[in-house]
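# Inside the fold
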Amino acid sequence: MSKKLLLKDAHVEGIRYFDTYRKQGGYDGLEKALKMTSEEIVEEVKASGLRGRGGAGFPTGLKWSFLAKPEGVPRYLVVNADESEPGTFKDRYLMEFLPHILIEGMIISSFALGANTAYIYIRGEYSWIPDILEEAIEEARNNGFLGKNILGTGFDCEIYVQRGAGAYICGEETALLESLEGKRGNPRLKPPFPAVKGLWESPTVVNNVETIAAVVPIINIGAAEYAKIGVGKSTGTKLISACGNINKPGVYEIDMTITVEEFIYSDEYCGGIPNGKKLKACIPGGSSVPILPANLMLKTINGEPRLMNYESLADGGFATGTMMGSGGFEVLDEDQCIVEHTMTLARFYAHESCGQCTPCREGTPWMYKILKKINSGEGRMDDIDLLWDVQRKIEGNTICPLGDAAAWPVAAAIRHFRDEFEWHINNPELAQTQNYGLARY
Ligand code: L3W
Ligand code: SF4
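A brief structural summary. (Residues numbered from 1 in each chain as written. Chains lettered and ligands numbered in written order. Predicted model: local features only at pLDDT ≥ 70, side-chain atom pairs only at ≥ 80, totals over all residues. Heavy atoms only, no water.)

## Quick word on the overall build of the protein
On a plain count of helices and strands, the protein comes out with 20 helices and 11 strands. Taking 22 Å as the expected radius of gyration for a compact globule of 441 residues, we find that the protein reaches 22 Å, a close match to that expectation. Summarising its shape, the C-alpha atoms of the protein cover approximately 75 × 45 × 40 Å along the three principal directions. Here the protein, with 441 residues, has 58% of them falling under the buried criterion. Of all intrachain contacts in the protein linking residues separated by at least 6 positions in sequence, the fraction that spans at least 24 positions is 69%. Of the accessible surface of the protein, which amounts to about 17,600 Å², a share of 51% is contributed by carbon and sulfur atoms. The distance from the centre of the 45 positive side-chain charges to the centre of the 58 negative ones in the protein is 2 Å. (Helix = DSSP H or I, 4+ residues; strand = E, 2+ residues; numbered from the N terminus. Rg over C-alpha atoms; globule rule 2.2 N^0.38 Å. Buried < 20%, exposed > 50% of the residue type's maximum accessible area, 1.4 Å probe, protein only. Contact = heavy atoms within 4.5 Å. Areas by Shrake-Rupley, 256 points an atom, 1.4 Å probe, with all protein chains shown as cover. Lys, Arg positive; Asp, Glu negative; His and termini not counted. Charge placed at Lys NZ, Arg CZ, Asp CG, Glu CD.)

## What about the site of ligand 2?
Taken together, 13 residues surround ligand 2, and among them C354, Q356, C357, C360 and C400 come closest. For the shell around ligand 2, the per-class residue count stands at eight nonpolar, five polar and no charged. (Near = heavy atom within 4 Å. Nonpolar A, V, L, I, M, F, W, Y, C, P; charged D, E, K, R; others polar.)

## A few points about the sheet that holds strand β8 (residues 250-255)
Strand pairing in a sheet relies on backbone hydrogen bonds. The paired strands run either parallel or antiparallel. The sheet built from five strands is open, its strands ordered β8-β7-β11-β9-β10 with mixed pairing. In the strand order of this sheet, the two ends are held by β8 and β10 (292-293), each with one partner. As paired strands, strand β9 (residues 279-283) and β10 are joined by two bridges and run antiparallel to one another. Bridging from a neighbouring strand, A281 pairs with P293 of β10. Each of β7 (237-244) and β8 is contacted by helix α5 (residues 90-97), which is oriented at about 110 degrees to β7, the strand it contacts most. Helix α15 (residues 338-352) rests against β9 and β11 (328-333) of the sheet, and its axis sits at about 15 degrees to β9. (Pairing = 2+ DSSP bridges. Axes fitted to C-alpha atoms, helices over the stretch in contact; angles between N-to-C directions.)

## Describing helix α6 (residues 99-113)
An ideal rise of 1.5 Å per residue puts 21 Å on 15 residues; α6 measures up with 21 Å between its terminal C-alpha atoms. Counting buried residues along α6, 15 of its 15 residues qualify, which places the element largely inside the surrounding structure. Backbone geometry just downstream of α6 places G114 in the positive-phi region, at approximately 75 degrees. (Expected span 1.5 Å × (residues − 1).)

## Structural notes on the side chain of T342
Among the structural elements, T342 can be located in helix α15. For T342, a relative accessible area of 4% gives the class buried. With residues near it in sequence (within four places) discarded, T342 still touches L371, P409, V410 and A413.

## Structural notes on the sheet that holds strand β2 (residues 117-122)
Taken in spatial order, the four strands of this open sheet run β3-β2-β1-β4, and their pairing is parallel. Every interior strand has two partners, whereas the edge strands, β3 (158-163) and β4 (204-208), have only one. In this sheet, neighbouring strand axes are inclined to one another by 20 degrees on average, regardless of whether the strands run parallel or antiparallel. In this structure, β2 lies alongside β3, joined through six bridges in parallel fashion. Considered in β3, the bridge of I122 is made with R163. Strands in contact with helix α7 (residues 129-142) are β2 and β3; relative to β3, the strand with the most contacts, it is inclined by about 170 degrees. Those strands touched by helix α9 (residues 209-221) are β1 (76-81) and β4, and its axis lies near 95 degrees from that of β4.

## Re the environment of G236
Within the secondary structure, G236 sits in the loop between β6 (234-235) and β7. On the basis of relative accessible area, G236 is assigned to the buried category, the value being 0%. Sequence spacing of G236 and W388 is 152 residues, and the spatial spacing of their C-alpha atoms is 38 Å. Those residues within four positions of G236 in sequence are excluded, and the remaining contacts are R53, Y226, I229, G230, I254, D255 and M256.

By themselves, these observations are geometric and do not establish any function.
Laid out in structure tokens, this is it:
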């Protein structure tokens, strides 16, 4: 059974509220942290090996140590709660059921970074969650953990919740900052990174909800204990939101030593595939990461069992591997059509492109158009090569990662499931009326 750090009290009735959270040991971590120096906390987070849980997996302690500290300039902590990646809903779970672990993590992190103001930027569609967060903030303040002179230490901290308006691009950290400043959420060119020039041109750390929540157990159990969980550079626990053709969709906390096979088939996690269907493919890290067919998903190219962690999922590069991403784990059974699925994703990215860069603005709708044509049985063989060519011209040629995120799923679908594209072209009448996965019967 995986060790639980973030969700250990998720089953406790009333854990959403301060009194219950406190009874379970909540805010002990903050009390401990306030007796440390900010440098000691940063060192602890570095030593824990914690990596950003939003998608990129960047080392959190390293990011914190990049924070510029010019005299007389405020610093900010911004929590990225714009969880919009299709298949990803683990931050929603944390905020809805355990809001205080996020608030506690934010206060510890703000203290470590020397920030007196912190923001939670939350996606607009999570319309019921800001009230939950506001209530938790109020409770923390009423109990002396937030506001002026926290626990008599002289440290002041305020947390504000800002709602987004439903744009996926605002999950990109610099678009988020633009939006938080009241502007249209267009990504900025990096560098400068937010750690140097972020919110209102001040040094800013932007971290995902789960990343900041993980700071609480790191302080509670200590970096050394935290780093013992997991394997290699995948330390600690990871939340995975599981969906698609599985018996038990939901949010699971794993230690990153379990195999993909165990995650899909064990009753502790996804509980297998309904109706005894076969596994066809998985997208393990949110819609932006490459899809992998079952054989490569369960075993690496060297025949080793594939593990649910950053290194193992990426083993083999994009030729035979994928990415941990945001931990949005989607399972596709043998009845699914990869062309249709890829088309749906392409439509999403085309809709969400902000339009600043030509390859993304023009390329994403073009990919959708080609996929739609192939899916509806109107494609030609050279459309597959055209689609490959368009995605190649987007990848690496844009301001922000949305371009790559749109290109990778298309590339992986062609790389691993070219036969399905060809089937649609060779069987136009069937393709017009039937789903590929079902048509094979
Ligand atoms: C200072 C340097 N800071 C890097 C910081 C940078 C950022 C972090 C990672 O995209 C991915 C994307 C999605 N000085 C620095 C530095 N940093 N060098 O490190 O940066 P980066 O550019 O690698 O990634 P990113 O822009 O944060 C995130 C993928 O995640 N994704 C998830 C998307 C959606 C969600 C969601 O719904 N929750 O996360 C899934 O794969 O495609 O590739 O903070 O500033 N020298
Ligand atoms: Fe906008 Fe796409 Fe360019 Fe990102 S890659 S800045 S979403 S046009």
